[in-house]
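Each chain, written out:
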Amino acid sequence: MVTNILSYLENSATKWPEKIAIADDKNYLTFTHWLTYAQSIGTAILNATGRSIRKPILVFVDRKIECLVGFMGVVESGNFYVPIDCKMPFERVKLINDVLTPIAAITVTDADNKTLDQIDFKGKRFNYSEAIEHVIDINLLNNTRSQIIDLDPVYCLFTSGSTGVPKGVVISQRGMIDLTEWLVNTFEFDETDSLGNQTPFYFDGSVKDICICLKSGATLNVIGKKYFSFPKLIIPFLNERKITTILWATSAIILIGNSNILDVAVPQYIRRVTFAGEAMPAKQLKVWMKKLPNARFINLYGPTEASVDCTYYEVDREFEDDEFIPIGKSCRNKQVLVFNDDNKLVKVGEPGELCVRGSGVALG
């Protein structure tokens, strides 16, 4: 039984050592490099923090592969990663810092360090370029791994919360593992797939890209911001990278659907189009479905607190333009229930509050 997501990375590095695992506009890493760099970062963190485990560590993120290496490096150290948008206002970073009191942070640029200075950060600092050169202590990493179980935290994402105050959601190894197994098995991902990542790595939707890549051996391509600022560039990029699957926010699918770009060029390799984040209007989705008649279209739904997704619906019929795509049925190992104001299960057609149970529900 898998109890740590690092098992996926290790397995992929064994099966496909020289295959490109992650790539952005300028750089790429093989599965072997990803694993090796993560082990170096993990060793550096353990040596510098007194071998503390199960503690939060900030990782500054942008549309680059460095953050993905940083995430796995934190997990190698037995701690959990907290993505920080490199362009986030320092007031918000300070609030997150004050809530968590992280023991360390991984920075990529000088601007990241300036942000840490502004918030009076007290933890250890690790420069990415230096950390990936650290000598690996495999015995130390193995000993650390032996102390981590699947109910320990793997990442923490901060949402705005209903009050507007950032709220930390801590997800366990088991929650991420369940998501990984369900995604790869249900939608049949393998090493021939190439993913086009649109969702920022400080949003939970991006966890799906990471999960699929780690387990299936698919290549994760980070799509730069310019491609959505100038949408006419996106289709050539998808074709150049031979993207087979996009797991995008609904808003991104609508943006392309409304732009008439698909009338000029069509993604030639797409086999799956998934969308999440808000209700999908049928009108815009039908634009995609008409251009990609052989692709699978899947609506994914769920809050951050349920390890990204708790329901899914694979589009299996035609919808009228004024309809919205249903959220479907529960994902594996999760149960979705609807209760009324008296906390009793509703009858068919009766409105109520959606509740979720399962190992993917956030810790706490």
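Here's a quick rundown of the structure. Here the structure is a predicted model, which is why all the values come from computation and not from measurement.

### Observations concerning the nonpolar core
Alright, step 1. Residues Trp34, Leu68 and Phe71 are the most contacted members of the largest nonpolar core, which totals 68 residues.
Alright, step 2. With 8 residues, the single largest contributor to this core is helix H2 (residues 31-48).
Alright, step 3. Sequence-distant contacts of leucine 68, defined by excluding residues within four places in its chain, comprise Ile22, Trp34, Phe201, Ile210, Leu220 and Val222.
Alright, step 4. Formed by 30 residues, the second largest nonpolar core is a distinct cluster that contains Trp248, Phe275, Trp288 and Leu292.

### Some thoughts on empty space enclosed by the protein
Alright, step 1. Enumeration according to the criterion identifies 3 cavities of 30 Å³ or more in this entry.
Alright, step 2. Here the largest cavity defines a volume of roughly 50 Å³.
Alright, step 3. Per-class residue counts for the lining of the largest cavity are 3 nonpolar, 1 polar and 4 charged.
Alright, step 4. Roughly 40 Å³ of internal volume is contained in the second largest cavity.
Alright, step 5. Around the second largest cavity, the lining residues are Phe71, Tyr81, Pro83, Tyr155, Leu157, Phe201, Phe203, Ser206, Val207 and Ile210.
Alright, step 6. Elements with a contribution of two residues or more to the lining of the second largest cavity: strand S4 (80-85), strand S7 (153-159) and helix H9 (206-216).
Alright, step 7. Broken down by element, the lining of the second largest cavity gets its largest block of residues, 3 residues, from H9.
Alright, step 8. In terms of residue class, the lining of the second largest cavity is made up of 9 nonpolar, 1 polar and no charged.

### Details of the packing of H2 against helix H7 (residues 138-145)
Alright, step 1. One way to put it is that H2 packs onto H7 with a least axis distance of 10 Å and a crossing angle of 80°. With respect to H7, the element H2 is oriented roughly perpendicular. From H2, Gln39, Gly42, Thr43, Leu46 and Asn47 reach across to H7, where they touch Ile138, Leu140, Leu141 and Thr144.
Alright, step 2. Class assignment of the residues belonging to the contact of H2 with H7 gives a composition of 4 nonpolar, 5 polar and no charged.

### Thoughts on unusual backbone geometry
Alright, step 1. The backbone of arginine 51 sits at a positive phi, close to 60°, despite the residue not being glycine.
Alright, step 2. Within the secondary structure, arginine 51 sits in the loop between H2 and strand S3 (56-61).
Alright, step 3. Even without being glycine, glutamate 188 reaches a positive phi, approximately 55°.
Alright, step 4. For glutamate 188, the position within the fold is in the loop between helix H8 (173-187) and strand S9 (194-197).
Alright, step 5. A relative accessible area of 55% means that glutamate 188 is categorised as exposed.

### Quick word on the environment of glutamate 133
Alright, step 1. Structurally, glutamate 133 is set in the loop between helix H6 (128-131) and H7.
Alright, step 2. Each C-alpha atom, one on glutamate 133 and one on isoleucine 149, is 28 Å from the other, the two residues being 16 residues apart in sequence.

### A few points about helix H5 (residues 110-118)
Alright, step 1. Three or more residues of H5 are buried, namely Asp112, Thr115 and Leu116. All buried residues of H5 fall inside an arc of 100° around its axis, so they share one side. In H5, the exposed positions that point more than 90 degrees away from the buried face belong to Asp110 and Lys114.
Alright, step 2. Where H5 is buried, its residues touch S3, helix H4 (90-100), strand S5 (104-107) and strand S6 (124-127).
Alright, step 3. Once H5 finishes, aspartate 120 follows within two positions and takes phi at roughly 55°, a positive value.

Rules used in this analysis
- Residues numbered from 1 in each chain as written.
- Predicted model: local features only at pLDDT ≥ 70, side-chain atom pairs only at ≥ 80, totals over all residues.
- Heavy atoms only, no water.
- Core = buried A, V, L, I, M, F, W, Y, C linked by side-chain atoms within 4.5 Å.
- Buried < 20%, exposed > 50% of the residue type's maximum accessible area, 1.4 Å probe, protein only.
- Helix = DSSP H or I, 4+ residues; strand = E, 2+ residues; numbered from the N terminus.
- Contact = heavy atoms within 4.5 Å.
- 1 Å grid on protein atoms, 1.4 Å probe; cavity = no way out; pocket = protein on both sides within 12 Å on 5 of 7 lines; lining within 4 Å.
- Points joined across faces, edges and corners; volume = space filled by probe spheres on them.
- Nonpolar A, V, L, I, M, F, W, Y, C, P; charged D, E, K, R; others polar.
- Axes fitted to C-alpha atoms, helices over the stretch in contact; angles between N-to-C directions.
- Parallel < 35°, antiparallel > 145°, perpendicular 65-115°, else oblique.
- Arc of directions from axis to C-beta.

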